[in-house]
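Structural overview
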Amino acid sequence: MTSYPKMLAPLDLGFTTLKNRVLMGSMHTGLEERGDWNRVAEFYAARARGGAGLIVTGGMAPNREGGVFPGAAGLFSDEDIANHKSVTDRVHDAGGKIAMQILHAGRYAYGPECVSASPVKSPISPFPPKELDEEGIDKQIKDFATSAARAKRAGYDGVEVMGSEGYFLNQFLVTHTNKREDGWGGSYENRMRLPIAVVRAVREAVGPDFIIIYRLSMIDLVPNGSSFDEVIQLAKEIEAAGATILNTGIGWHEARIPTIATSVPRAAFTWVTKKLMGHVSIPVITSNRINHPEVAENVLESGCADMVSMARPFLADADFVAKAEQGRADEIAPCIACNQACLDHTFGGKISTCLVNPRACYETDLAWQPAEKPKKVAIVGAGPAGMSTALVADERGHEVTLFDRADEIGGQLNMAKQVPGKEEFWGLVDWYRTMLAKSGVTQRLNTEVTADDLDGFDEVVIATGVTPRDPEIAGQDRDNVLTYIDVLRGKAPVGDRVAIIGAGGIGFDVAEYLTQKGDSPTENLDEWLAEWGVADPAEQRGGLAPEGPQPEAPARHAVLMQRKAKALGKGLGKTTGWIHRATLKMKQVEMVGGVNYERIDDQGLHVSSGEARENPRVVECDTVVLCAGQVSDRSLADALVAKGINPHVIGGADVAAELDAKRAINQGTRLAAEL
Ligand code: NAP
Ligand code: SF4
């Protein structure tokens, strides 16, 4: 008997059967817009081979005005049908099923042609939408139906109608964005007419034996969102209109409550989906922060849904389901919900990939074969760069030795995992530990390597990482001045008032670590919901607590500083920076930009402002923490070069600026693919 009986049970839809209860949720990868359809096909086929029960594509616009941005992919012509057919054929050949998501962005569209129920500009697009007239609404309904019919011709097994996350159909549902006084606005019966009409038209266009998933917003997390009675009413009407499955949407994109970031507890919103169970007779899917088979199994076992949706976990590991089936769940590369290589790329106009798995969306480009001539490879540094090099080099048949002076693998990941809200990093280090143990890599921990120790290796890879930058502040040698390493390793006591020098990713992390009292809210769902002001949607419209966020009092007073005269946190992740800033605000952290650090003495940290060094101020504090960035540790690389050996230098040892695990893992993987 399998360890995940619920997750791996088939789902009979009457006219077709899904082989398990795992939906690969829709993600915009940016691949379709590049026009390399072989690459698109290989991306989805790999996930089909990896066992996903049903794949949903990235959002395809039903028409030009509904595209998320000008030029967004859709299914607009017969040529498009042929391209999409190449994808569905490959997925079917791999034993999978695939549905195309139809996504109309409405006022979220990043283009001047955008349309909506009313001309209410969204906070996340500069373009106010045009209000649709009766004819315009009719056109949108027809375009959804035409798109679905084309999807059927392109060989898809179904479509997903995107009705949540604050997109077009959602915009008609709530008074927040629907100010109409005609038959499409006013009463809830009028406001819900559009999604029902769309599903009905889609069903008419595709006939009976075709999957229609409707993505229903269960909790809008915006003011004047839907009430739960309205959600249930809509769910029933959507079922009656012909939907096969209801998928769950959590929060509008403009919501100021995180819904998928790493600091969101695992399966944080499945209790909301559970409230829908029993109200409809079609299967219900739940989603958000489900990233491990055990989590999925528990969610299904506790009756929260009939099926689970996971999206980003299929970037991290295409073989998620297959590994679970084969009793190899510990080998599933974990999605740590960082958004760094997927959503941050999407919003930066880049192709999505994955921090943990640089092959995601690069399946046709980053592939490796067994090495023609196995070599002896030394890798110094068991951080993300070194570990990923080691695993791929070993897989290719090289004889790999991985050295580190520390007594554990992980490098800087071991510091990240200490930060409240970054608990997923524990799983990532565990995954590397498992994979290294199962590989042929020889690990030499507690080993300080010199250049002479590396004689006899065919290839030497230096992944020695970084050391903290010396900010050269007068008085920094005092006992109460610590580095972020001292703090995050818990090596030194920190007083009640702390001054943090440097507001990069690590300064923010240290501020979160030092102001959090007791356990991390990420580990305690009730506390997390209260902290962000999430209420039971059955009691509060849209699920917003009337009292707002109720954060725990900070553990200590912190002042976070940088020399740049800019708002702090500008360099953080595009989709997560606002969460870090909001978290520190809730912890009453004072954020100060444009300072000069003058000196540290008994009074505290002396700072001044601007080039003229005006407005001297003493930041009274018991402890000063240095988070002033890093410099590459190249001492071993330099010693090797002096000996006439040319090592490969990767990760932070190569470039310290903006060092991050994404670049380190990508660089290590690509190097090992070539060694
Ligand atoms: P960083 O992002 O480069 O930030 C360094 C900070 O130190 C800046 O605030 C900088 O601001 C300040 N600084 C630089 N030189 C200084 C000097 N001589 N004296 C005083 N202050 C100085 O580096 P980090 O915070 O160490 O993070 C390293 C990398 O880890 C990041 O780039 C990021 O990729 C990754 N990371 C990301 C996150 C996240 O996104 N949540 C979290 C942790 C780590 P001023 O120059 O304005 O003073
Ligand atoms: Fe998950 Fe981060 Fe990979 Fe995105 S980049 S799929 S969030 S691990």
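Residues numbered from 1 in each chain as written. Chains lettered and ligands numbered in written order. Predicted model: local features only at pLDDT ≥ 70, side-chain atom pairs only at ≥ 80, totals over all residues. Heavy atoms only, no water.

1. Some thoughts on the overall build of the protein
Summing up its helical and strand segments, the protein has 22 helices and 27 strands in all. In terms of C-alpha radius of gyration, the protein reaches 26 Å, essentially the compact-globule figure of 26 Å for 675 residues. Evaluated residue by residue, the protein yields a buried proportion of 60% over its 675 residues. Long-range pairs, those at least 24 residues apart, make up 71% of the contacts in the protein with a sequence separation of at least 6. Of the roughly 26,300 Å² of accessible surface on the protein, 47% is carried by carbon and sulfur atoms. (Helix = DSSP H or I, 4+ residues; strand = E, 2+ residues; numbered from the N terminus. Rg over C-alpha atoms; globule rule 2.2 N^0.38 Å. Buried < 20%, exposed > 50% of the residue type's maximum accessible area, 1.4 Å probe, protein only. Contact = heavy atoms within 4.5 Å. Areas by Shrake-Rupley, 256 points an atom, 1.4 Å probe, with all protein chains shown as cover.)

2. Digging into the pattern of salt bridges
Following the criterion strictly, the structure yields 34 salt bridges and no others. For arginine 180, the salt bridge identified is with aspartate 182, shortest N-O distance 2.7 Å. The exposure class assigned to arginine 180 is buried, which follows from its relative accessible area of 7%. One salt bridge connects aspartate 365 with arginine 670, and the closest N-O pair in it is separated by 3.4 Å. With aspartate 365 in the loop between helix 13 (343–347) and strand 13 (376–380) and arginine 670 in helix 22 (residues 661–674), this pair connects stretches of sequence that are 305 residues apart. On the basis of relative accessible area, aspartate 365 is assigned to the partly exposed category, the value being 47%. Connected through salt bridges with shared partners, the residues Arg328, Asp330, Glu331 and Lys438 form a single ionic network. (Salt bridge = Lys/Arg side-chain N within 4 Å of Asp/Glu carboxyl O.)

3. Section: the side chain of asparagine 339
Mapping asparagine 339 onto the fold places it in the loop between helix 12 (320–325) and helix 13. Within polar-contact distance, the side chain of asparagine 339 engages the side chain of arginine 312 at 2.6 Å. Once residues lying within four places of it in the same chain are set aside, the contact partners of asparagine 339 are Ile260, Arg312, Asp344, Thr575 and Thr576. (Polar contact = N/O pair within 3.5 Å; in protein donor to acceptor, adjacent residues only side chain to side chain.)

4. Considerations on the domain arrangement of the protein
Partitioning the protein into structural domains gives domain 1 (11–347), domain 2 (376–467 + 631–674) and domain 3 (470–517 + 553–628). Using C-alpha coordinates to define each centre, domain 1 is positioned 39 Å away from domain 2. Between domain 1 and domain 2, the contact holds 15 residues from the first and eleven residues from the second. Between domain 1 and domain 2 lies a buried interface of about 1,100 Å² when both sides are counted; carbon and sulfur atoms form 56% of it. It is Asp330, Glu331 and Ile336 that lose the most area in domain 1 upon contact with domain 2, and together they represent 41% of the buried surface on that side. (Domains from an automatic or database assignment. Buried area = accessible area lost by both parts, 1.4 Å probe.)

5. Looking at the sheet that holds strand 13
Judged by pairing direction, the sheet is parallel, and its five strands sit side by side in the order 15-14-13-16-27 without closing on themselves. Edge positions in the sheet fall to strand 15 (442–444) and strand 27 (648–649), since each has one partner strand and no second. With two bridges joining them, strand 16 (residues 459–462) and strand 27 adopt parallel strand pairing. Looking at strand 27, one finds that valine 461 is bridged to histidine 648. Where helix 21 (residues 635–642) meets the sheet, its contacts fall on strand 13, strand 16 and strand 27, and the angle it forms with strand 16 comes to roughly 150°. (Pairing = 2+ DSSP bridges. Axes fitted to C-alpha atoms, helices over the stretch in contact; angles between N-to-C directions.)

6. Quick word on the packing of aromatic side chains
Scanning the entire structure with this criterion turns up eight aromatic pairs. Ring centres 4.9 Å apart and planes at 70° place the aromatic pair phenylalanine 43 and tyrosine 44 in the edge-to-face group. The residues phenylalanine 43 and tyrosine 44 share a single accessibility class, namely buried. Between arginine 193 and the ring centre of tryptophan 184, over which it is positioned, the NZ or CZ distance is 3.8 Å. (Phe/Tyr/Trp six-rings, centres within 6.5 Å; stacked < 30°, edge-to-face > 60°. Lys NZ or Arg CZ within 6 Å of the ring centre and 35° of its normal.)

7. Overview of unusual backbone geometry
Not every positive phi belongs to a glycine, and asparagine 288 is a case in point at roughly 80°. You will see that glutamate 472, though not glycine, has its phi angle at about 55°, which is positive. By the element assignment, glutamate 472 lies in the loop between strand 17 (466–468) and strand 18 (481–483). Of the residues examined, glutamate 472 reaches a relative accessible area of 66% and is grouped as exposed.

8. With respect to helix 20 (residues 577–586)
With seven of ten residues buried, helix 20 lies mostly within the body of the structure. Among the structural elements, helix 18 (505–515), helix 19 (525–532), strand 20 (557–561) and strand 21 (590–592) are those in contact with the buried residues of helix 20. Note on helix 20: the residue one or two positions beyond its end, glutamine 588, has a positive phi of about 55°.

9. Structural notes on a positive patch on the surface
Among the surface-exposed residues, Arg256, Arg469, Arg563, Lys564, Lys566, Lys570 and Arg581 lie close enough to one another that they form a single positively charged patch. Relative to the assigned elements, lysine 570 resides in the loop between strand 20 and helix 20. (Patch = residues over 30% accessible without salt bridge, like charges linked within 9 Å, V, L, I, M, F, W, Y side chains within 5 Å. Lys, Arg positive; Asp, Glu negative; His and termini not counted. Charge placed at Lys NZ, Arg CZ, Asp CG, Glu CD.)

10. So, the sheet that holds strand 18
Two strands in a sheet stick together by hydrogen bonds in their backbones, pointing the same way (parallel) or opposite ways (antiparallel). With parallel pairing, the five strands of this open sheet are ordered in space as 18-25-19-20-21. Because the sheet does not close on itself, it has two edges, and the strands there are strand 18 and strand 21. The sheet shows a mean angle of 20° between the axes of neighbouring strands, taken without regard to direction. Here strand 20 pairs with strand 21 via three bridges, running parallel. Across the sheet, the residue bridging to valine 559 is glutamate 590, located in strand 21. Relative to strand 19 (residues 497–501), helix 18 is tilted by about 170°, and along the sheet it contacts strand 19, strand 20, strand 21 and strand 25 (623–626).

11. Overview of the environment of glycine 74
Residue placement: glycine 74 occurs in the loop between strand 4 (54–60) and helix 3 (78–93). Residue class for glycine 74 comes out buried when judged on its relative accessible area of 6%. When the C-alpha positions of glycine 74 and glycine 59 are compared, they lie 7.9 Å apart, and in sequence the two are 15 residues distant. Not counting residues up to four positions away in its chain, the partners in contact with glycine 74 are Met60, Ala61, Asp80 and His84.

12. What about a negative patch on the surface?
Together, Glu131, Asp133, Glu134 and Glu135 make up a negatively charged patch on the protein surface. Looking at where glutamate 135 falls in the secondary structure, it is placed in helix 4 (residues 134–153).

13. So, helix 3
In a regular helix each residue adds 1.5 Å, so 16 residues correspond to 22 Å; helix 3 covers 22 Å between its end C-alpha atoms and thus fits that length. Buried within helix 3 are the following residues: Asp80, Ile81, His84, Val87, Thr88 and Val91. Of the residues flanking the end of helix 3, it is glycine 95, one or two places downstream, whose phi is positive at about 85°. (Expected span 1.5 Å × (residues − 1).)

14. Focus: the environment of alanine 393
By secondary structure assignment, the location of alanine 393 is in helix 14 (residues 384–395). Here alanine 393 falls in the buried class, since its relative accessible area comes to 0%. The spatial distance from the C-alpha of alanine 393 to the C-alpha of lysine 375 is 9.3 Å, given a sequence separation of 18 residues. Setting aside its immediate chain neighbours within four residues, alanine 393 contacts His398, Val400, Ala672 and Leu675.

15. A short note on the site of ligand 2
Neighbouring ligand 2 are Arg312, Leu315, Cys335, Ile336, Ala337, Cys338, Asn339, Ala341, Cys342, Cys354, Leu355 and Val356. Here the residues of the shell around ligand 2 sort into ten nonpolar, one polar and one charged. (Near = heavy atom within 4 Å. Nonpolar A, V, L, I, M, F, W, Y, C, P; charged D, E, K, R; others polar.)

16. Details of the pairing of strand 9 (residues 211–219)
In terms of burial, strand 9 is a largely internal element, nine of the nine residues being buried. Bridging between strand 8 (residues 158–163) and strand 9 involves six bridges; their strand directions are parallel. Following the sheet pairing, glutamate 160 is matched in strand 9 by isoleucine 213. With six bridges connecting them, strand 9 and strand 10 (residues 245–250) associate as parallel partners. Paired with leucine 216 across the strands is threonine 248, a residue of strand 10.

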